[in-house]
Amino acid sequence: MEATPLPTLKTFPNQTNPFPHADPPLQSLPSTSRRKMTSESSFPSFSAAVDSVQTSLSYLCSDNDNNQQSYSSNVTRRFSGFAHRLQLATNHLLRSSRSPDYSDFPPSVHTALRGIAGDLASAGEMVRFYRTKSKTLVLVNCVSLCASIQERTLAISRWLNLLDSAIPDLPDLRKKIADLSTDMKQANFKVTENEERVHCTLQKEGQRRQTKTSKAVESAIVMDLARALGVDPENHAVLSEQIKLLKNDVAQSRSVSERRILSSLERIMENWSTEPTVATWKLDIEFEDDAHISPFKNFICPLTKEVMKEPVVLESSQTYERAAIEYWFERCLEDGRDPTCPVTGQVLGTLELKPNIGLAGAIEEWLNRNVEIQVKIAVQNLGEEPPSVDFVERVLDNVYKISEEHPVSRYKFRNAGIVELIVKLLRNSSKSIGTNLRSKCLLALLSMAKDEESKRIMLEDGTTKLAIHSLMASSEKERECAVKLLLEFGSDEACCIKIASEKGALLLLSSMSGNLEHPALSNLAEQVLKRMEKAEDNIMHLAAAGRFEPLLNRLCEALTDILSRNQDTSSESKELAALIMANIVSNPGHWELASADKEGHSMQSESIVYSLLALLLEVSSRYQASILQILCGIASSPQASEPVASHIKSGGGVGTILSFLEHPEVENRKYAFRLSRVLSERFGQDLVHDLRASNKLTLFRDRLLDNQYKGGERSDAARILANLSLSEDEVKVLLGADFVRWAVNTLETQCRNSKGRVTEHAASMLEGLLGILLHFTRSIDLLTLQTVRENSLMTIFCEQLCYPSKPRVKQLAAVGLKNLSECGRQLAARDSEPQPPQGFCSSLVFMCGRASSQPSMCPIHSIPCEEESQWCLLKSNCIKPLVELLTDEDTVVQIAAIEALSTLVMDTSSSFKRAADELERLGVINGVIDLFIEARSDELQEKTIWIIERILRVENHNQPLSLNQALVRALVEAFRRGNPNTKRHAQDALTNLKQLSGVSGKASIQIQSRR
């Protein structure tokens, strides 16, 4: 084991260092492989070496080992004995010199004494460590200290051999030196077994990081330490004082191991000093003279300080709690040493644990007597009206503790009627006792519910309803106890049925199960619901609460028979199963996770979708409606939509579904239109090919114009037309100017009739009609331009921005404004070019109307634009509504608004300054900057910074904006963390603000505080 580094002692307490010529301060104890630390150069003269030897021997021969404050060790006593003999020999040698400066001694004597001086000084340091440091720190380092002294002793014996050969004329002195050299060479310093055990234990504590030591092991460590220190383990004051001394010493040490040992010992002593937590269950209630019987001392385990439950006797005749002593044996074996008896320190020859039957019987008799007293006290206090909250709280604590620690005593509480009293207290005094006491009632019932007869009593007394009521409590502790009690009840199927039948139970549990803010409660509630699912009678209750997975699993076998075309199953059963399945998947739930057949396929799997598509061609009309509803339901689920649409397409199901668009049955048509709409959202390009091939494109237009069709068919038809990728010719022929006029009139009528409220059907129709109008915003041929101008499409889109509609409608309106604005820019660029001298009808006529008066110059397009021009966001007053959309809660809407506004800053020519000034006046610049600073979406950040960078190209705008510290910080952050496009725009923007070097591209931020 690696030696623990020792702190260097610079001086003795209240005196100077007696070893002025010792080697340099030791950072760690010496090992046998270390080179000799002494040399003749350590002492400037032989006289200095002699003085050092005399000083060291004087200190080593002093009577400090008898000091009660120092650690008494056989190692230091033996070494001091050698020092005393060495002192006599050196005095004899020095007296034999006839010269005051000992110059008559031969060189070998000088060498030997210099060597002895150095090793004595080092050994003195070790002995001084024993005498001046805390006893505990000596135990921590005792093995290394002993090894160091052993090494110095051997070194001195070798110097004595040299000295013996250098003084042939002094036979008496030679004999003394020879005998001393022999004895020191043969000396074998060892620490005691107890010291070695304590050292090993403390070193293990120093190596531990976060592993918590058990209470039994902590107690045994204290006993071993006290024995090594010669202290009574029960004398907490003396032991604590030793830990304080250790703390003072460790404060000067750099050893991580010693600091860990100190921390561990402080924690162990704090636990050891705690009063015994014996199961006395004492209450400050005047009941009887013998209301409490204290345990005898031999009932208490020396390690746990608690009344023993399974007392066992060791070879040393000491009794311990079985679990506690087994913990200690494991620790001894883990530390690589022989197991010992913690109290006596005796090394055990056998680990046999013999039950102490007599003591166990006495403890059981004492325990039963105390339990009977507690039962009487509980009955007295729980039956009082009104209840005393303080006394009842302590009674409930005792009931819970006795029930948990001594389960065999539960029948006594049950037979005394305590279960009924707790339930009655919970029912009648629920509001007056408060949430803390209700929690304790539920906790006591939870423990008692482990007794089957007690559980039956609780269920008969309506405890489930009380527990369910506590699920709504404000206290998390009360809710946790209630869920745990329901979980305990749920172990029996009859109990599960009873819980599920209670009003609101499953809804509360489902809500708690989905609340991830309290994961512990969520897991417990989920466990209760899982148990509820095992009872067949609970399946429909769970489905009504939104948990469809159990119902789906029950339908799995029936659905498998349906899909496999099993001839043994009647058509009525198949239709009923399909109808139930359709109703399930049409509602939100967890059905996406369930298995739909015996092979474990989910509802959205390729196998199930292909089977459903095949059934459509083989079954009755009513059955077909249910199959279409199932397909529509699974295709409309956010989790399943993409795979289901892909499977329908790959399985050739698009044509099959389109064939139902003209079905005579309303239900079949309804779900066919809905399913076609879902497919158009995913595969608009592919779907339009199938529709062209089947000549069904006009069907959607005709259905939309036919007022005899109500409900979702018309809105689905509108949204399908909006999603299809139609060519320019198809837009003109299929839709045309008359259709656009009808769509605009329908939109205006719907907005007037809504009175600020938008229904689901109205929102769907709005989305479809706006999507259709978007087809007319992507072309600049003259016929389309005329249609846009005559129907004021830009005004229509702008009105929808202010309409209280869904985010999708606002997004489509913003996209329409963007498309028209881009068309306007193309027209402006074309009209600014030199025109042919004849045969040309300027597109400006379509753009601005007939030029009866001279229009003003538009700062955006740099050409004259008529008021309310349908291609100019400025003249149509659309800019402010778009700016207001920048604060919308939906990011998709914000992106659409930014894209529309970005069409205003496309041209950065010399006339761009007028456009920038106008945009500042309308609040565009501030709105975009605010959105950029707050943007969390990468796409939104990229689009906003693109506009900002272009605005900053204008000199009179970049100077004021350079003072906007929030903008500069956001630009710097975008430059550091944005995507490549964002970084490039941020670099250009910072360059324009003179906050970044535009040449090197390296950040040289010059942000300064401006006041």
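Computed from a predicted model, the values in this text were never measured in an experiment. (Residues numbered from 1 in each chain as written. Predicted model: local features only at pLDDT ≥ 70, side-chain atom pairs only at ≥ 80, totals over all residues. Heavy atoms only, no water.)

Glancing now at the overall build of the protein. The secondary structure content of the protein amounts to 46 helices and three strands. Contacts in the protein between residues at least 24 apart in sequence constitute 68% of all its contacts with a sequence separation of at least 6. On the protein, roughly 47,400 Å² of surface is accessible, and the fraction owed to carbon and sulfur atoms is 49%. (Helix = DSSP H or I, 4+ residues; strand = E, 2+ residues; numbered from the N terminus. Contact = heavy atoms within 4.5 Å. Areas by Shrake-Rupley, 256 points an atom, 1.4 Å probe, with all protein chains shown as cover.)

Using the criterion set out here, one finds 41 salt bridges in the structure. A salt bridge links R128 to E125, with the nearest nitrogen and oxygen atoms 2.4 Å apart. Of this pair, R128 and E125 both sit in helix α3 (residues 107–132), three residues apart, which is roughly one turn of the helix. A relative accessible area of 18% means that E125 is categorised as buried. Between R741 and D738 there is a salt bridge, with its nearest N and O atoms 2.9 Å apart. Of this pair, R741 and D738 both sit in helix α33 (residues 728–754), three residues apart, which is roughly one turn of the helix. Residue R741 is classed as partly exposed on the basis of its relative accessible area, which comes to 35%. The network of salt bridges with shared partners includes R677, E681, D716, R719, E767 and R808. (Salt bridge = Lys/Arg side-chain N within 4 Å of Asp/Glu carboxyl O. Buried < 20%, exposed > 50% of the residue type's maximum accessible area, 1.4 Å probe, protein only.)

Let us look at the side chain of R131. Note that R131 resides in helix α3. You can call R131 buried: its relative accessible area is 7%. A polar side-chain atom of R131 sits 3.4 Å from the main-chain carbonyl oxygen of L60. (Polar contact = N/O pair within 3.5 Å; in protein donor to acceptor, adjacent residues only side chain to side chain.)

We now examine empty space enclosed by the protein. Over the atoms rolls a probe the size of a water molecule, and its path tells where empty space is left. Under the criterion given, the structure shown has five cavities of 30 Å³ or more. What the largest cavity holds in volume is close to 60 Å³. Every residue along the wall of the largest cavity is listed here: L919, V924, I925, V928, I929, I947, I948, I951 and L961. Among the secondary structure elements, those contributing two or more residues to the lining of the largest cavity are α42 (924–934) and α43 (938–951). The greatest single-element share of the lining of the largest cavity, amounting to four residues, is contributed by α42. (1 Å grid on protein atoms, 1.4 Å probe; cavity = no way out; pocket = protein on both sides within 12 Å on 5 of 7 lines; lining within 4 Å. Points joined across faces, edges and corners; volume = space filled by probe spheres on them.)

As a further point, take the packing of α3 against helix α4 (residues 135–165). When two helices pack together, their arrangement is captured by the angle between the axes and the distance separating the axes. Following both chains from N to C, one finds α3 and α4 inclined at 165°, their axes separated by 9 Å at the closest point. In terms of axis orientation, α3 runs roughly antiparallel to α4. Along this stretch, α3 crosses α4, giving a crossing that reads as left-handed. For the contact of α3 with α4, the per-class residue count stands at 21 nonpolar, six polar and two charged. (Axes fitted to C-alpha atoms, helices over the stretch in contact; angles between N-to-C directions. Parallel < 35°, antiparallel > 145°, perpendicular 65-115°, else oblique. Left-handed = near helix turned anticlockwise from the far one by under 90°. Nonpolar A, V, L, I, M, F, W, Y, C, P; charged D, E, K, R; others polar.)

Moving on: unusual backbone geometry. With phi around 60°, K305 is a residue other than glycine that occupies positive phi space. Along the chain, K305 turns up in the loop between α9 (256–272) and β1 (311–313). Note on K305: relative accessible area 9%, which makes it buried. Of note, the phi angle at S317 is positive, near 75°, even though the residue is not glycine.

What follows covers the packing of helix α31 (residues 697–705) against helix α32 (residues 712–723). Running from N to C, α31 and α32 cross one another at 135°; their axes reach a closest spacing of 8 Å. Compared by their axis directions, α31 and α32 come out oblique. For the pair α31 and α32, the crossing hand works out as left-handed. In this structure, α31 uses L697, F700, R701, R703 and L704 to contact α32, whose residues at the interface are E713, R714, A717, A718, I720 and L721. Considering only residue class, the contact of α31 with α32 consists of seven nonpolar, no polar and four charged.

This part covers the sheet that holds β1. Taking strand neighbours across the sheet as the criterion, the three strands line up as β2-β1-β3 in an open arrangement whose pairing is antiparallel. Sheet topology places β2 (319–321) and β3 (354–355) at the edges, where each strand pairs with a single neighbour. Of the strand pairs in this sheet, β1 and β3 are connected by two bridges, and their pairing is antiparallel. Note that in β3 the partner of V312 across the bridge is P355. (Pairing = 2+ DSSP bridges.)

Once that is clear, we can look at the environment of I293. In this fold, I293 is placed in the loop between α9 and β1. Expressed as a C-alpha distance, the spacing of I293 and W366, which sit 73 residues apart in the sequence, is 7.5 Å. If we ignore the near neighbours within four places in the chain, the residues touching I293 are W366, R369, N370 and I373.

Moving on: helix α16 (residues 452–460). Of the residues making up α16, those classed as buried are S454, K455, I457, M458 and L459. Taken from the residues just after α16, G462 is the one with a positive phi, measuring 80°.

This part covers the packing of aromatic side chains. In the structure shown here, the tally under the stated rule is seven aromatic pairs. Ring geometry for F673 and F700: centres 5.9 Å apart, planes at 90°, overall edge-to-face. Here the residue F673 occupies a position in helix α29 (residues 666–682), and F700 occupies one in helix α31, the gap between them amounting to 27 residues. Just as F673 is buried, F700 falls in that class too. Note on F739 and W742: the rings are 5.6 Å apart at their centroids and 40° apart in plane angle, and the pair reads as tilted. (Phe/Tyr/Trp six-rings, centres within 6.5 Å; stacked < 30°, edge-to-face > 60°.)

Over its 15 residues, helix α34 (residues 760–774) runs 21 Å from end to end, which matches the ideal 21 Å to within 8%, given 1.5 Å per residue. Of all 15 residues that make up α34, 13 are buried, and the element is covered over most of its length. (Expected span 1.5 Å × (residues − 1).)

The next thing to look at is the nonpolar core. Residues L160, L303, I325, L382, L486 and F489 are the most contacted members of the largest nonpolar core, which totals 151 residues. If you look at the next biggest cluster of nonpolar residues, it comprises 138 residues, including L661, I860, A970 and A989. (Core = buried A, V, L, I, M, F, W, Y, C linked by side-chain atoms within 4.5 Å.)

Attention shifts here to the environment of L485. Structurally, the position occupied by L485 is in helix α18 (residues 476–489). A residue is classified by how much of its surface remains accessible, and L485, at 0% relative accessible area, is buried. Along the sequence, L485 and S447 sit 38 residues apart, while their C-alpha atoms lie 8.7 Å from each other. Non-local contacts of L485, meaning those with residues more than four positions away in its chain, are made with L442, L445, L446, A449, T463 and A467.

Below, the discussion takes up the environment of E760. Structurally, E760 can be placed in helix α34. Take E760: its relative accessible area is 58%, and that puts it in the exposed class. Once the C-alpha coordinates of E760 and K806 are considered, the two residues, 46 residues apart in sequence, prove to be 9.5 Å apart.

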